[in-house]
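For reference, the chains in residue letters:
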Amino acid sequence: MTDVVITGTGLYTPPHAIDNAALVSAFNAWVDAENARRRAAGEPATLEPSSSDFIVKASGIHSRHVLDAEGILDPERMRPRLPERDNDSPSIQCEMGLAAARQALAGASVAAGDIDLVIVACSNLERAYPAVAVELQAALGAGGHAFDMNVACSSATFAIETAANAIRAGGASRALVVSPEICSAHLNFRDRDSHFIFGDACTAIVLEDDALATAEARFTVLGTRLVTRFSNAIRNNAGFLDRVTDSDPLAADKLFVQEGRRVFKEVCPLVATLIGEHLAALSLSGDDLRRLWLHQANRHMNDLIARRVLGREPAPGEAPIILDRYANTSSAGSIIAFHLHRDDLEAGEVGVVCSFGAGYSAGSVVVRRR
């Protein structure tokens, strides 16, 4: 059976960062103005201010990187300002993908022309077609075929399984999985319960047939396992039918909406069970894990999942947290954690990359350092 290895990863971090204090200042300025407008109109002025302490306590997030900070911090706008590009210019997600992909290819010592499968996997794609993956394939000079896919926050792990299976089946020899997440564009920065959650980033991963790989550092994909369960607890109703259903394109449900407590209660056991059963199927257990690279949505969720998988409190570094400075970057989060916290693993040590989110969906990728 063909061994599939991860040989390179890449990360694009946007140039702008917003800490909690700046985000709270903009939000509270809008709250003050909106409450004043409501009082003047004889309406209840019930909006509550936010605070840095509230954000850290709720999520563990201190800062986030975004493609545009100015528009987000403008109380009269409170959304990124990203100018529309003409059809002959690279799309925003293609541009992000190029930066992350080139870093991943360099790490893998692989030429772009040797890639024969490109998957762009993320929560939100900036257009319906042509596929961003095909645009990225052309921009890189990659061969083979390319396609987009969306499984919300689990997109990257679902794409890793798809790529690994293609390599094992002989449909590809080298694959590139890219996750350009512009989460700030679907976030309601006027919702106190969620205005702090997301940031922007792009990751890239190179997977190869081990027989062809030349990179010294390799992680063998021991197995992948996926699960989905339908839930409305995390939802975004924006879609191409909006114009024919005559719905309000600016309505709150056309942005990210979640029932946070319900998500916590339902997703944590789902994910812990997925990882536990996946490890057991590979004749492994939590005791065999050196690292958990978990989806970076909420510090409390990660701590609970790690405890359940390991059967104890995780030691420092066993389940690294990057959301404190990146916030939730959807499908890119677990890959950022893997990218930044993998080099210290010794040969033979095992870890799991796991993402989870809307759907519900969750993906587990168990790897061993070569």
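Attention here is on the structure that accompanies the text. (Residues numbered from 1 in each chain as written. Predicted model: local features only at pLDDT ≥ 70, side-chain atom pairs only at ≥ 80, totals over all residues. Heavy atoms only, no water.)

Side note on the overall build of the protein
Right, on to step 1. Regarding its fold elements, the protein presents 10 helices and 13 strands.
Right, on to step 2. For the protein, whose C-alpha radius of gyration is 21 Å, the value lies close to the compact-globule estimate of 21 Å for 370 residues.
Right, on to step 3. In terms of principal-axis extent, the alpha carbons of the protein reach across some 70 × 55 × 35 Å.
Right, on to step 4. A separation of at least 24 residues holds for 77% of the contacts in the protein among residues at least 6 apart in sequence.
Right, on to step 5. When the accessible area of the protein is evaluated, it comes to approximately 15900 Å², of which 50% is carbon and sulfur surface.
Right, on to step 6. Considering the protein, the positive charge centre built from 35 side chains and the negative charge centre built from 46 side chains are found 4 Å apart. (Helix = DSSP H or I, 4+ residues; strand = E, 2+ residues; numbered from the N terminus. Rg over C-alpha atoms; globule rule 2.2 N^0.38 Å. Contact = heavy atoms within 4.5 Å. Areas by Shrake-Rupley, 256 points an atom, 1.4 Å probe, with all protein chains shown as cover. Lys, Arg positive; Asp, Glu negative; His and termini not counted. Charge placed at Lys NZ, Arg CZ, Asp CG, Glu CD.)

Here we look at the pattern of salt bridges
A pair can form between side chains of opposite charge whenever their charged atoms are brought close.
Right, on to step 1. Counted by the stated rule, this structure contains 19 salt bridges.
Right, on to step 2. Salt-bridge contacts for glutamate 135 lead to arginine 127; the nearest nitrogen and oxygen are separated by 2.9 Å.
Right, on to step 3. By relative accessible area, glutamate 135 is classed as buried at 19%.
Right, on to step 4. Note that aspartate 344 and arginine 291 form a salt bridge whose closest N and O atoms lie 2.6 Å from each other. On the criterion of sequence distance, the pair formed by aspartate 344 in the loop between α10 (332-340) and β12 (350-357) and arginine 291 in strand β11 (residues 289-294) is long-range, its members being 53 residues apart.
Right, on to step 5. Exposure remark for aspartate 344: the relative accessible area of 40% places this residue in the partly exposed category. (Salt bridge = Lys/Arg side-chain N within 4 Å of Asp/Glu carboxyl O. Buried < 20%, exposed > 50% of the residue type's maximum accessible area, 1.4 Å probe, protein only.)

Remarks on unusual backbone geometry
Right, on to step 1. With an omega of 0°, the peptide bond running from tyrosine 129 to proline 130 counts as cis.
Right, on to step 2. In this fold, proline 130 is placed in the loop between β4 (117-121) and α4 (132-140).
Right, on to step 3. A cis amide bond links glycine 359 to the next residue, tyrosine 360, at an omega of -5°.
Right, on to step 4. By secondary structure assignment, the location of tyrosine 360 is in the loop between β12 and β13 (361-369).

What about the packing of helix α1 (residues 20-40) against helix α2 (residues 52-59)?
Right, on to step 1. Between α1 and α2, the least distance of the axes is 9 Å, while the angle of their chain directions is 120°. By the criterion of interaxial angle, the relationship of α1 to α2 is oblique. Handedness of the crossing formed by α1 with α2: right-handed. On the side of α1, the interface is formed by Asn20, Ala21 and Val24, while α2 contributes Ser52, Ile55 and Val56.
Right, on to step 2. Residues of the contact of α1 with α2, tallied by class, amount to 4 nonpolar, 2 polar and no charged. (Axes fitted to C-alpha atoms, helices over the stretch in contact; angles between N-to-C directions. Parallel < 35°, antiparallel > 145°, perpendicular 65-115°, else oblique. Left-handed = near helix turned anticlockwise from the far one by under 90°. Nonpolar A, V, L, I, M, F, W, Y, C, P; charged D, E, K, R; others polar.)

Digging into α10
Right, on to step 1. Across the 9 residues of α10, 8 count as buried, placing the element largely inside the fold.
Right, on to step 2. Listed in full, the buried residues belonging to α10 are Ala332, Gly333, Ser334, Ile335, Ile336, Ala337, Phe338 and His339.

Describing the pairing of strand β8 (residues 219-228)
Along any regular strand the residues' side chains alternate between the sheet's two faces.
Right, on to step 1. For strand β1 (residues 4-12) and β8, the ladder comprises 2 bridges, and the chain directions are antiparallel. Residue pairing in the sheet places isoleucine 6 in a bridge with phenylalanine 219 of β8.
Right, on to step 2. Pairing geometry for β8 and β13, over 9 bridges, is antiparallel. Bridge pairing in β13 links threonine 228 to serine 361. (Pairing = 2+ DSSP bridges.)

Topic: the pairing of β13
Right, on to step 1. Extensive coverage of β13 is indicated by the burial of 8 of its 9 residues.
Right, on to step 2. Note that β12 and β13 share 8 bridges and pair antiparallel. Bridge assignment links valine 353 to a residue of β13, and that residue is valine 365.
Right, on to step 3. The turn joining β12 and β13, which pair antiparallel and follow one another in sequence, is formed by 3 residues; a positive phi near 145° is taken by glycine 359.

As for the environment of arginine 102
Right, on to step 1. As for its position among the elements, arginine 102 is in helix α3 (residues 92-108).
Right, on to step 2. Separated by 92 residues in the primary sequence, arginine 102 and glycine 10 place their C-alpha atoms 7.3 Å from one another.
Right, on to step 3. Apart from the residues lying within four places of it in its own chain, the contact partners of arginine 102 are Ala139 and Leu140.

Notes on the state of the cysteines
Right, on to step 1. On inspection of all chains with the given rule, the structure shows 0 disulfides.
Right, on to step 2. Free of any disulfide, cysteine 183 has its nearest neighbouring cysteine sulfur in cysteine 153, separated by 7.0 Å.
Right, on to step 3. What makes cysteine 183 buried here is its relative accessible area of 0%. (Disulfide = S-S within 2.5 Å.)

Some details on the sheet that holds β4
Right, on to step 1. What the 9 strands build is an open sheet, ordered β5-β4-β6-β7-β1-β8-β13-β12-β11; its pairing is mixed. In this open sheet, the two edge strands, each paired with only one partner strand, are β5 (145-149) and β11. On average, adjacent strands in this sheet sit at an angle of 25° to one another, irrespective of strand direction.
Right, on to step 2. Relative to strand β7 (residues 200-209), strand β6 (residues 174-182) runs antiparallel, the two being bridged by 9 bridges. From the neighbouring strand, proline 180 faces β7, where its bridge partner is cysteine 202.

Concerning helix α5 (residues 155-169)
Right, on to step 1. An ideal rise of 1.5 Å per residue puts 21 Å on 15 residues; α5 measures up with 21 Å between its terminal C-alpha atoms.
Right, on to step 2. Burial within α5 is extensive, with 11 of its 15 residues counted as buried.
Right, on to step 3. Of the residues making up α5, those classed as buried are Ser155, Ala156, Thr157, Phe158, Ala159, Ile160, Glu161, Ala163, Ala164, Ala166 and Ile167.
Right, on to step 4. Looking one or two residues past α5, glycine 170 carries a phi angle of roughly 90°, positive in sign. (Expected span 1.5 Å × (residues − 1).)

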